[in-house]
Amino acid sequence: MLSRTADHLFWMSRYTERAENTARMLDVNYQTSLLPQSSAAAQVGWKGLLSISELLPTYTDAHGEINVRNVMDFMVKDESNPSSIVSCLSAARENARAVRGTLTTEVWETQNQTWLEVQRMINSGEFERDPGQFFEWVKFRSHLSRGVTVGTMLMDEALHFMRLGTFLERADNTARLVDVKFHALQPDLSDAANGKAMEYDFYHWSAILRSVSGFEVYRKVYRDIIKPERVAELLILRADMPRSLHASLNEVVSNLELVGNDQSGETQRRAGKLRAELKYGRIDEILATGLHAFLTQFLDRINDLGVNISRDFLVSAPA
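Please read these numbers as outputs of a predicted model, since none were measured by experiment.

K.L.:
Which parts of the structure should I look at to understand the nonpolar core?
P.N.:
Buried together is how nonpolar side chains tend to be arranged in soluble globular proteins. The biggest cluster of nonpolar side chains holds 82 residues, and the ones touching the most others in it are L26, I85, F134, F135, I236, L249 and F298. It is helix α9 (residues 157–185) that contributes the most residues to this core, 10 residues altogether. Counting 12 residues, the second largest nonpolar core, distinct from the first, contains M12, A96, V99 and V148.

Below you can see the structure in the form of structure tokens.
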């Protein structure tokens, strides 16, 4: 496959997944902002969301004070913000258009219709009238895009590069969400590993689980009250949790193997090593040594994988 074609397919999927994850993070903040809490606590949540995407300096330069309306507008419809939902869906559509001949009609029409519809919803004010419903729509369109892709594309290199982009982006976003939310809500999670008695806000933890479609999964797996160390285990180490770091790395490794070439051996080794650490890791060990340090290192390694994949297969590396 031409490297330029692979590049467009890879980033089309990454941008679609990024739009969905941005919607998920905004939705959990929007839902928790409706709970009884101080204005200072609410501002910490919105500041954390900007930190997840490394956009706090950019936002501050443009808007100054952090408030709900400005953050929502910045992360949803500000076209100058490359990580906003509108920017991501636009970039996904442009990458799809560049390789229109490689995609099935259904995949192209899904991407194109999503872009046309989001413009209509923004211009008509539907987002402002019901943010929660808008975020659900963004998630649904991402689900639809993945389903149409798997259901209609030939199982060749084109599909593998699209899947590679999806799961590399998902691993990055899940790690950022876990890091920022756990750091904000419980700075010293090592206490949990040490068995100290601690109380947690059920609604905040359940909102975090819902942001990754993990609330019902948690109930099925643990059948217990929501505990932060188990939330961490579910989102980091459980291979059967679709949005976990372990599940995402399983997909990255398998798709890398399917597109491997003469120069990708080192990239495959690094991906396999990272996957092995998640496969054989224990949450008590991670919490004892520091969750933030573990996730920071994980994000560095995911970014390194992206750079190496770009070097081995692609022609560019957009931010």
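We are not done yet, so read on.
K.L.:
Would you mind showing me how to read the environment of M72 here?
P.N.:
Within the secondary structure, M72 sits in helix α4 (residues 68–76). Along the primary structure M72 and P131 are separated by 59 residues, whereas in three dimensions their C-alpha atoms are 8.9 Å apart.

K.L.:
How should I be thinking about the packing of aromatic side chains in this particular structure?
P.N.:
Any pair of aromatic rings gets described here by the distance separating the centres and the angle formed by the planes. One pass over the full model with this rule turns up 9 aromatic pairs. Put simply, the rings of F127, F134, F135 and W137 touch in pairs and so form one group of aromatic residues. Seen from the ring of F215, R210 lies directly overhead, with NZ or CZ sitting 4.0 Å from the centre.

K.L.:
Would you take a moment to explain empty space enclosed by the protein for this structure?
P.N.:
Empty space among the atoms becomes apparent when a probe as large as a water molecule is rolled across them. Tallied over the full model, the rule gives 4 cavities of 30 Å³ or more. In this structure, the largest cavity spans a volume of roughly 110 Å³. If you go around the largest cavity, you meet 13 residues; those closest to its centre are S13, R146, T149, M162 and T166. Counting residues per element, the ones that place at least two in the lining of the largest cavity are α1 (3–33), α8 (131–152) and α9. Ranked by residues supplied to the lining of the largest cavity, first place goes to α8 with 5 residues. Looking at the lining of the largest cavity residue by residue, the class counts come to 3 nonpolar, 7 polar and 3 charged. Put simply, the second largest cavity is a space of about 100 Å³. Lining the second largest cavity we find 13 residues, and of these T16, L89, T114, R141 and S142 sit closest to its centre. Mapped onto the lining of the second largest cavity, the elements with two or more residues apiece are α1, α6 (105–124) and α8. Looking at the lining of the second largest cavity element by element, the count peaks at 5 residues for α8. For the lining of the second largest cavity, the class distribution of residues is 5 nonpolar, 6 polar and 2 charged.

K.L.:
Sorry, what's going on with unusual backbone geometry here?
P.N.:
The phi angle at E54 is positive, at roughly 55°, despite the residue not being glycine. Assessed through its relative accessible area of 57%, E54 is described here as exposed. Residue S213 is not a glycine yet carries a positive backbone phi of 55°. The class for S213 is partly exposed, based on a relative accessible area of 41%.

K.L.:
Can you help me understand the confidence of the model for the protein chain in this one?
P.N.:
The predicted coordinates of low-pLDDT regions are not to be read in fine detail. The pLDDT averaged across the protein chain works out to 88; a share of 91% of its residues lies at or above 70. Confidence, read as mean pLDDT per element, is least for helix α10 (residues 190–193) in the protein chain (46) and greatest for helix α5 (residues 85–98) (97). Long-range and interchain partners of residues 187–200, a stretch whose pLDDT sits below 50, account for 19 contacts in this model, where long-range means more than four residues apart.

Analysis parameters
Residues numbered from 1 in each chain as written. Predicted model: local features only at pLDDT ≥ 70, side-chain atom pairs only at ≥ 80, totals over all residues. Heavy atoms only, no water. Core = buried A, V, L, I, M, F, W, Y, C linked by side-chain atoms within 4.5 Å. Buried < 20%, exposed > 50% of the residue type's maximum accessible area, 1.4 Å probe, protein only. Helix = DSSP H or I, 4+ residues; strand = E, 2+ residues; numbered from the N terminus. Phe/Tyr/Trp six-rings, centres within 6.5 Å; stacked < 30°, edge-to-face > 60°. Lys NZ or Arg CZ within 6 Å of the ring centre and 35° of its normal. 1 Å grid on protein atoms, 1.4 Å probe; cavity = no way out; pocket = protein on both sides within 12 Å on 5 of 7 lines; lining within 4 Å. Points joined across faces, edges and corners; volume = space filled by probe spheres on them. Nonpolar A, V, L, I, M, F, W, Y, C, P; charged D, E, K, R; others polar. pLDDT = per-residue confidence, 0-100. Contact = heavy atoms within 4.5 Å.

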